[in-house]
Structure formats: C-alpha cells, structure tokens
Amino acid sequence: MAVSPWNIHLGRTALELSPAVFFFLLGIYFLLKEHSYRIFISLPIFILGFLSYLAAKLLFLPVIIVLLVYKIKTGKNESKKPYLVYFLASFLIFLVYFLTLSFQPAGSRKGELVVFNPRWSETIVNTEREQAIPNPFLNLFSNKAVALTKRVADTYIATFSSTNLFSKGEPISIYSTWEYGQLHHIDLILILIGFLALFAYFRKAFYLLIPLILVAPAASAIDIVQETYAVRSFLLFPILIIVSAVGLWFIKEKIKFGQVLFIVISLVYLVSSLYFLQLYFFRFPIYSAERWRFSERLAASYTLRAQTIDEIKKVYVVNEHSSKWAYEGYLFYSGGYNSSEQVKRANEKLRIRDFSDGKVVFLEKCPENIDYEGGEVLIVDVKIDCG
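Criteria and cut-off values
Here, residues in each chain are numbered from 1, in the same order as that chain's written sequence. Per-residue local features of the predicted model are confined to residues with pLDDT of at least 70, and side-chain atom pairs are confined, for both listing and counting, to 80 or more; whole-chain, interface and lining totals are unaffected and use all residues. Hydrogens and waters are ignored; side-chain quantities use all the structure's heavy atoms. Counting from the N terminus, the helices are DSSP H or I runs at least four residues long and the strands are E runs at least two residues long. Polar contact is the term for a pair of N or O atoms within 3.5 Å; when the atoms are in protein, one must be able to donate a hydrogen and the other to accept it, and sequence-neighboring residues count only if both atoms are side-chain atoms. In this analysis, two residues are considered to be in contact whenever any of their non-hydrogen atoms come within 4.5 Å of each other. Axes here mean lines fitted to C-alpha atoms, for a helix over just the part in contact, with angles spanning 0 to 180 degrees between N-to-C directions. Throughout this entry, Asp, Glu, Lys and Arg are counted as charged residues, while Ala, Val, Leu, Ile, Met, Phe, Trp, Tyr, Cys and Pro are counted as nonpolar. The remaining residues, Gly among them, count as polar. Salt-bridge detection follows one rule: a side-chain nitrogen of Lys or Arg within 4 Å of a carboxyl oxygen of Asp or Glu. Three exposure classes are used, based on accessible area relative to the maximum for each residue type with a 1.4 Å probe and protein chains only: buried under 20%, partly exposed in between, and exposed over 50%. For two strands to be treated as a pair, DSSP must find no fewer than two bridges joining them. Working definition of a nonpolar core: buried Ala, Val, Leu, Ile, Met, Phe, Trp, Tyr and Cys residues. They are joined through side-chain atoms within 4.5 Å. Aromatic pairing here means that ring centres of Phe, Tyr or Trp (its six-membered ring) are within 6.5 Å. Orientation follows from the plane angle: under 30 degrees is stacked, over 60 is edge-to-face, and everything else is tilted.

What to know about the side chain of Ser288
(1) Moving on: Within the fold, Ser288 resides in the loop between helix H14 (258-287) and helix H15 (294-306).
(2) Moving on: Polar contacts involving the side chain of Ser288 include one to the main-chain carbonyl oxygen of Phe284, which spans 2.5 Å.
(3) Moving on: What Ser288 contacts, discounting residues up to four positions off in sequence, is Ser173 and Trp178.

Here's what the structure looks like:
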C-alpha cells in the first residue's frame, strides 16, 4: 500500500477520499472481527465514512449487505438477530439521509447521478435516431432505457480496464498521472496469482473479496458527469492491493525457488516505485500544471504585484474562456475574497458584471490602442492573438 501509485498520488491530495478509505476499511475490520451485538462497534465507523464522501454514501449499504451475508454464511450457530438489527439500523440511516438529501450539502450534486437525472439521455437518444436509417426496431433499441443501461454498463466495465489500472490511469489529471496506472505493472500478474491462491488456500476470503470488488464501482457506474474510477471506486484499490500481496505470499511460500522470485519481484517493485516517484515529483508537476490552474495563479500573482507598482497604470488580462472565471480566479488566488467587506464588494461587481479590481481589468477580447509606454500592461492567454 505504501508504494502504490494510487495511494501516493491521491493520499497527498486534499480530497474526501482519504478519510472514506480509512473509515470503511476500519469498519470492515471490526464488523468481520466481532460477533453478536459487538459488531455494532463498526457502525459509527461506517457512519463516519458515509458522511466523509459522496461516493461512500452509495457504497454504504452494498458493502454492509455483503459483509452481513458473509457473516451469516460463515457463522456457526450464531443468532441472526444482531445482523438483522444491524442491517435495519444501517438502512434507516441511509433512508433518513436520502429523504433529507435536498437539505444536505450533497443534495446540490445529486443531478450528477443517473437516478436523479432521467433527462440526461435525451440528447443521446435524439442524436442516435437522427443519425439512423428509419426501421421498425429503431425505437426499441434507441431509447432512454437503452442509453442509460449502456452508459452504466460501459462505465462499470471500464473500472476494471487494464489501461486504467496498470498502464495510463484515467484521463483526469487530478486522479491520474496519465503516464502510469493506479497500480504497478507487476501487480497485474500478482493479482491474478493472488485470486488463484485465495481460492485454493483461503476460500472464505475469496468469497468475501469478490462481492466487495463487484460492488466497488457502483458510484462510478451511475455518475454521468465524468468517468472517474480512482476516487469514486475507492474501495476497489485497497482490495486489489491485498490480493496482490496474497499473490506475492504464494510465490514466496508455496512454489519452488520462491525466495529467489520474491527477491526479484521486490527489486521490480523498487525500480517501479522509483520510476513512479521520479515521474510524480519531477515530470507530473510540469505537464499537468494547467490542470491545477497554474496560469491563473501566475496571472493573479503578477496582477497583485502590479497593483503596488506606481509605474504601472493599467493591467488588461485577456482570457479565452470567460472574463468572469478569470476574475473569480484572481479573487481566490490573490486573497481578495476573504473578509466580509471584500466578499460584499466582489459580489456587487459580479452582479453588475464589472470584472475589475483597482488597476486590473479582465476581458474576453483584446483591448484596442494599448499605451505600453504610458504604463499599460497586457497579460493574454497564449491561445489568443492580440497582435
């Protein structure tokens, strides 16, 4: 886990992912370890995970159901009543949250899920029908239900893509480096061996981990904004790392020349980890800088300093996309939206669409007749040609 690219990358990012992973894994541990009503030790831990991240809310009940079914199937002469009470308590927590979703912070994002946005597929269906030769089966195979099912199935299956997991990662740089998977290449072999070892030597664990892996991509599958897996399918990666560790254990302990192979694999891990760290710390910050709005930060830094230089009379900042976005970025990165007075002044300017602050003016088109010698400065998006 410590040398996993997924953990190194996302563990250093200020996302809700980290507490969700911690609380869910800790909750799983206590629910599996304890018996009878002592399993309720895990419920407050799961609730903390539930509240820490949007995707965790969608995994809350499926994970608990898998664990309770496993406990019932593997328990010997244990009363089923504690498990039923545990499930009802979990279901009640989920139901109360769902019924009050419009009053919760997460309620503003419910349109990102297919279950709350049935109109999402209208454009797709209309395009499909416009680009098809009329036939008796067109409405049967081109409708909202089919489009929705295909989207969910495609996204769910893509979670297990070897490219996403072991090669390039996903397209969004916040969750991926683009040039290295969420796991090391060697993990692919170890995971395959690990599943075989689990089936052969730890059959109960095999039957527990497989359902957990299958439910892990649930949040990714029903999200319609972006196809993201590293964060929304957060439970998948610790489980795959565990399976990979089982594969390494099997090689070391159960096959001939296992000790030698263990040393070789450890060296491969070391080289892979060093390669990833070099990529992550020395290359990734450069080629992914714009994903983290480096140009906005740089422009905010320059314009903020220009406010204090007497020789500079006016600064024009031309942005390709939106002068409003550029102005909001400037407020954020320059600290111009901190005090109550700053917030009131900025909100009033936004209301009347006055995207300026002191000497600085934010535009979407190049200004005419700039007097450079008179102290006017132009900061322009590289994609815009202002002559």
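What about the packing of helix H13 (residues 236-254) against H14?
Think of two packed helices as two axes; the pair is described by the angle between the axes and how far apart they sit.
(1) Moving on: Contact pair H13 / H14: the axes reach a minimum separation of 7 Å and the direction vectors enclose 145 degrees. Residue-level contacts link Ser244, Leu248, Ile251 and Lys252 of H13 to Gly258, Gln259, Leu261, Phe262, Ile265 and Tyr269 of H14.
(2) Moving on: Of the residues assigned to the contact of H13 with H14, the class counts are six nonpolar, three polar and one charged.

Some words on the pattern of salt bridges
(1) Moving on: The final tally for this structure, using the stated rule, is nine salt bridges.
(2) Moving on: Salt-bridge contacts for Glu122 lead to Lys144; the nearest nitrogen and oxygen are separated by 3.2 Å. Taken as a pair, Glu122 in helix H6 (residues 122-130) and Lys144 in helix H8 (residues 144-158) lie far apart in primary sequence, 22 residues in all.
(3) Moving on: Residue classification places Glu122 among the partly exposed positions, given a relative accessible area of 23%.

A few points about the sheet that holds strand E3 (residues 360-363)
(1) Moving on: Ordered in space as E2-E3-E1-E4, the four strands form an open sheet in which the pairing is mixed. Two strands lie at the open edges of the sheet, namely strand E2 (356-357) and strand E4 (376-380), each paired on one side alone.
(2) Moving on: Bridge count between strand E1 (residues 314-318) and E3: four bridges; the pairing is parallel. Note on E3: the bridge partner recorded for Val317 is Phe362.
(3) Moving on: Of the strands in this sheet, E1, E3 and E4 are in contact with H15, which crosses E1 at around 165 degrees.

Quick notes on the nonpolar core
(1) Moving on: Counting residues in each nonpolar core, the largest one holds 56 residues, and the members touching the most others are Phe46, Val63, Phe234 and Leu235.
(2) Moving on: Here this core gets eleven residues from one element, more than from any other, and that element is helix H4 (residues 54-74).
(3) Moving on: Phe46 has contacts with Phe24, Gly27, Ile28, Leu31, Phe60, Val63, Ile64, Leu67 and Tyr86, leaving out every residue within four places of it along the chain.
(4) Moving on: Among the nonpolar cores identified, the runner-up in size contains 14 residues, and Ile312, Val317, Ala346 and Phe355 belong to it.

Notes on the packing of aromatic side chains
(1) Moving on: Per the counting criterion, the structure on display carries 29 aromatic pairs.
(2) Moving on: Aromatic pair Tyr327 and Phe355: ring centres 5.9 Å apart, planes at 45 degrees, arrangement tilted. Here Tyr327 is found in helix H16 (residues 323-334), whereas its partner Phe355 is found in the loop between helix H17 (340-351) and E2, with 28 residues between them in sequence. Each member of the pair, Tyr327 as well as Phe355, is classed as buried.
(3) Moving on: With a centroid separation of 5.3 Å and an interplanar angle of 50 degrees, the aromatic rings of Tyr330 and Phe362 are classed as tilted. You can see Tyr330 sitting in helix H16 and its partner Phe362 sitting in strand E3, a full 32 residues away along the chain.

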